[in-house]
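Spelled out from the first residue to the last, the chains are:
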Amino acid sequence: MRDPASWMQLPIDDRILEILDSSELILSPAVIALNIEKSRSEVNRRLSILVEYGLLTRVKRGYYEIAPDGEAYLRGDLDASTLSEQTD
């Protein structure tokens, strides 16, 4: 059972994490948006938030992969409400 945080928007956040996890690839916002049938701008906004909380990693500008915490959340091993925003 997944434990989402109040800052998460479901189901889009879960769908983004799932597509990155299942593909095991580094993907762009456009590719993610196409595969989950959401707008690129909506996906872009959510990617930034998911990176801020450590569920995704920005590999380089415009490319993302799932982070270990994102994998743990999908498995139900991490309560996302325990995460805090990360600063660089």
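Residues numbered from 1 in each chain as written. Predicted model: local features only at pLDDT ≥ 70, side-chain atom pairs only at ≥ 80, totals over all residues. Heavy atoms only, no water.

Residue position: Ile36 is located in helix 2 (residues 29–36). Spatially, the C-alpha atom of Ile36 lies 20 Å from that of Trp7, the residues being 29 residues apart in sequence. Not counting residues up to four positions away in its chain, the partners in contact with Ile36 are Ile12, Arg15, Ile16, Ile19 and Val43. (Helix = DSSP H or I, 4+ residues; strand = E, 2+ residues; numbered from the N terminus. Contact = heavy atoms within 4.5 Å.)

On the surface, Ile26, Val59 and Tyr63 cluster together to form a nonpolar patch covering roughly 250 Å² of accessible area. Take Ile26: it is sitting in the loop between helix 1 (12–23) and helix 2. Given the relative accessible area of 42%, Ile26 is considered partly exposed. (Patch = residues over 30% accessible without salt bridge, like charges linked within 9 Å, V, L, I, M, F, W, Y side chains within 5 Å. Areas by Shrake-Rupley, 256 points an atom, 1.4 Å probe, with all protein chains shown as cover. Salt bridge = Lys/Arg side-chain N within 4 Å of Asp/Glu carboxyl O. Buried < 20%, exposed > 50% of the residue type's maximum accessible area, 1.4 Å probe, protein only.)

A separate point is helix 3 (residues 40–52). Residue pairs spaced three or four apart in an α-helix point in one direction, given the helix's 3.6 residues per turn. End to end, helix 3 covers 18 Å across 13 residues, agreeing with the expected 18 Å (1.5 Å per residue, within 8%). Three or more residues of helix 3 are buried, namely Val43, Arg46, Leu47, Leu50 and Val51. When helix 3 is viewed along its axis, its buried side chains cluster within an angular range of 140° and face the same direction. (Expected span 1.5 Å × (residues − 1). Arc of directions from axis to C-beta.)

With that settled, consider the nonpolar core. Ranked by internal contacts, the top residues of the largest apolar core, which has 27 residues, are Trp7, Ile16, Leu20, Ile32, Leu55 and Leu56. Every element with two or more residues in this core is listed here: helix 1, helix 2, helix 3, strand 2 (63–66) and helix 4 (68–75). For this core, the leading source of residues is helix 1, giving five residues. Setting aside chain neighbours within four positions, we find Trp7 in contact with Arg46, Ile49, Leu50, Tyr53, Leu55, Ala80 and Leu83. (Core = buried A, V, L, I, M, F, W, Y, C linked by side-chain atoms within 4.5 Å.)

On their own, these measurements won't tell you what the molecule is for.
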